[in-house]
Amino acid sequence: MYTRYQIANLSDEIAPMAVAHLSLKPVESPVVLKDRIYRELKSAITSMDIYTDDDEHRLDERQLSVDLGVSRTPVREALCRLENEGFVLTIPRRGAFVARKTRKEVLEMITVWAALESMAARLVTESASDAEIATLRALFSSFDADGAPQARIDEYSETNISFHQALFRLSRCDLLSQMTENLFLHMRSIRMRTIGEKDRARRSIIDHMSIIEALEARDTELAERLVRRHTLDLGRHVEEYVDWLE
């Protein structure tokens, strides 16, 4: 093996011999294709508002393969992967369906979310800059607690979701973000459906403003407690009022 100094002083005739031969495997384009199919299906499924009605959302492998322009095999593999993540449910002799969570499953997700997000809030007070925390307040600049959220409920629902995503991002804890990635996608539809119920949008803004004030003050214990209470309030709402879950 040549040193860098020796290579630099080789003659033009000898220099080509210094080319390294690495042990490489050909890039398998089917693998890349499988990941693209998985991501495309996951994005489409998690964008659905599956709790607006009681309809079953069946997934037809043949139609999906036609829509994606691929064979059925990678589609079937992607659906199996999504089933392992809880987004798809396969029923023998009936096929694959978009999974709807039961009330018990939703309550368990909310409990876990409360624990993880309250820790994220703690970390935000310790590591986020003032400018970064200010972006949280800016999210709600066009809303107030006097009825505007209810009048623009779809827009507020997206803002609400952005707020919770931002808390994890500003925590600067990559593992927390990874742990909550799929959990967040499962809860997204629940948050979107419940935000318009029982005056939750107005109370949500009040909660968020209190959380932001605690973050701005670097009051770690208060921020952690407020975030946990805010999420557990969603659990109490689901337990008491959500009768559209099994």
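Since the model is a prediction, treat every value here as computed from it, not as a measurement. (Residues numbered from 1 in each chain as written. Predicted model: local features only at pLDDT ≥ 70, side-chain atom pairs only at ≥ 80, totals over all residues. Heavy atoms only, no water.)

**Re helix 9 (residues 174-194)**
Right, on to step 1. Compared with an ideal rise of 1.5 Å per residue, which puts 21 residues at 30 Å, helix 9 spans 28 Å between its outermost C-alpha atoms and is within 8% of the ideal.
Right, on to step 2. Along helix 9, the helix axis deviates most sharply at Glu-181, where the bend reaches about 40°.
Right, on to step 3. Every buried residue belonging to helix 9 is among Leu-176, Thr-180, Leu-183, Phe-184, His-186, Met-187, Arg-188, Ser-189, Ile-190, Arg-191 and Thr-194, and all of these are buried. (Helix = DSSP H or I, 4+ residues; strand = E, 2+ residues; numbered from the N terminus. Expected span 1.5 Å × (residues − 1). Bend = angle between axes of the 7 residues up to and from the residue. Buried < 20%, exposed > 50% of the residue type's maximum accessible area, 1.4 Å probe, protein only.)

**Focus: unusual backbone geometry**
Right, on to step 1. We note that Asp-199 has phi near 65°; this positive angle belongs to a residue other than glycine.
Right, on to step 2. Tracing the sequence through the fold places Asp-199 in the loop between helix 9 and helix 10 (200-216).
Right, on to step 3. The backbone phi angle of Arg-218 is positive, close to 60°, even though this residue is not glycine.
Right, on to step 4. Within the secondary structure, Arg-218 sits in the loop between helix 10 and helix 11 (220-241).
Right, on to step 5. Among the residues examined, Arg-218 registers a relative accessible area of 31% and is labelled partly exposed.

**Quick notes on the sheet that holds strand 3 (residues 95-98)**
Note on sheets: strands pair through backbone hydrogen bonds, and any given pair is parallel or antiparallel.
Right, on to step 1. If you trace the three strands from one edge of the open sheet to the other, you get 1-3-2, paired in antiparallel fashion. What marks the edges here is a single partner per strand, and that holds for strand 1 (58-59) and strand 2 (88-91).
Right, on to step 2. Two elements, strand 2 and strand 3, share four bridges in a ladder whose sense is antiparallel. What sits directly across from Thr-90, in strand 3, is Ala-96.
Right, on to step 3. Contacts between helix 4 (residues 72-84) and the sheet are confined to strand 1 and strand 2, with strand 2 contributing the most and set at about 110° to the helix. (Pairing = 2+ DSSP bridges. Contact = heavy atoms within 4.5 Å. Axes fitted to C-alpha atoms, helices over the stretch in contact; angles between N-to-C directions.)

**Thoughts on the confidence of the model for the chain**
Right, on to step 1. Confidence in the prediction for the chain averages 85 pLDDT; 84% of positions are at 70 or higher.
Right, on to step 2. Segment residues 1-8: pLDDT under 50, and five contacts once partners within four positions in sequence are set aside and those in other chains are kept.
Right, on to step 3. Segment residues 10-18: pLDDT under 50, and five contacts once partners within four positions in sequence are set aside and those in other chains are kept. (pLDDT = per-residue confidence, 0-100.)

**As for the environment of Val-88**
Right, on to step 1. Relative to the helices and strands, Val-88 is located in strand 2.
Right, on to step 2. Accessibility expressed as a relative area gives 4% for Val-88, which makes it buried.
Right, on to step 3. Separated by 29 residues in the primary sequence, Val-88 and Leu-59 have C-alpha atoms spaced 8.8 Å apart.
Right, on to step 4. Dropping the residues within four chain positions of it, Val-88 is found in contact with Ile-45, Leu-59, Leu-79, Leu-82, Glu-83, Ala-96, Phe-97 and Ala-99.

**Let's talk about the pairing of strand 3**
Right, on to step 1. Sheet topology places strand 1 next to strand 3; two bridges connect them, and they run antiparallel. Following the sheet pairing, Arg-58 is matched in strand 3 by Phe-97.

**Considerations on the packing of helix 5 (residues 103-127) against helix 11**
Right, on to step 1. Contact pair helix 5 / helix 11: the axes reach a minimum separation of 8 Å and the direction vectors enclose 165°. Here helix 5 is positioned roughly antiparallel relative to helix 11, judged by the angle of their axes. When the axes of helix 5 and helix 11 are compared, the crossing they make is right-handed. Residues Arg-103, Val-106, Leu-107, Ile-110, Trp-113, Ala-114, Glu-117, Ser-118, Ala-121, Arg-122, Thr-125 and Glu-126 of helix 5 form the contact with helix 11, whose participating residues are Thr-220, Glu-221, Ala-223, Glu-224, Val-227, Arg-228, Thr-231, Leu-232, Leu-234, Gly-235, Val-238 and Glu-239. (Parallel < 35°, antiparallel > 145°, perpendicular 65-115°, else oblique. Left-handed = near helix turned anticlockwise from the far one by under 90°.)

**Quick notes on the nonpolar core**
Right, on to step 1. Grouped together as the largest cluster of nonpolar side chains are 36 residues, with contacts concentrated most on Leu-41, Leu-59, Val-238 and Leu-245.
Right, on to step 2. Of all the elements in the fold, those that place two or more residues in this core are helix 2 (29-46), helix 4, strand 3, helix 5, helix 8 (153-170), helix 9 and helix 11.
Right, on to step 3. In terms of residue count, helix 5 provides more of this core than any other element does, seven residues in total.
Right, on to step 4. Look past the residues within four positions of Val-238 in its chain and what remains in contact with it is Arg-103, Val-106, Leu-107, Ile-110 and Leu-245. (Core = buried A, V, L, I, M, F, W, Y, C linked by side-chain atoms within 4.5 Å.)

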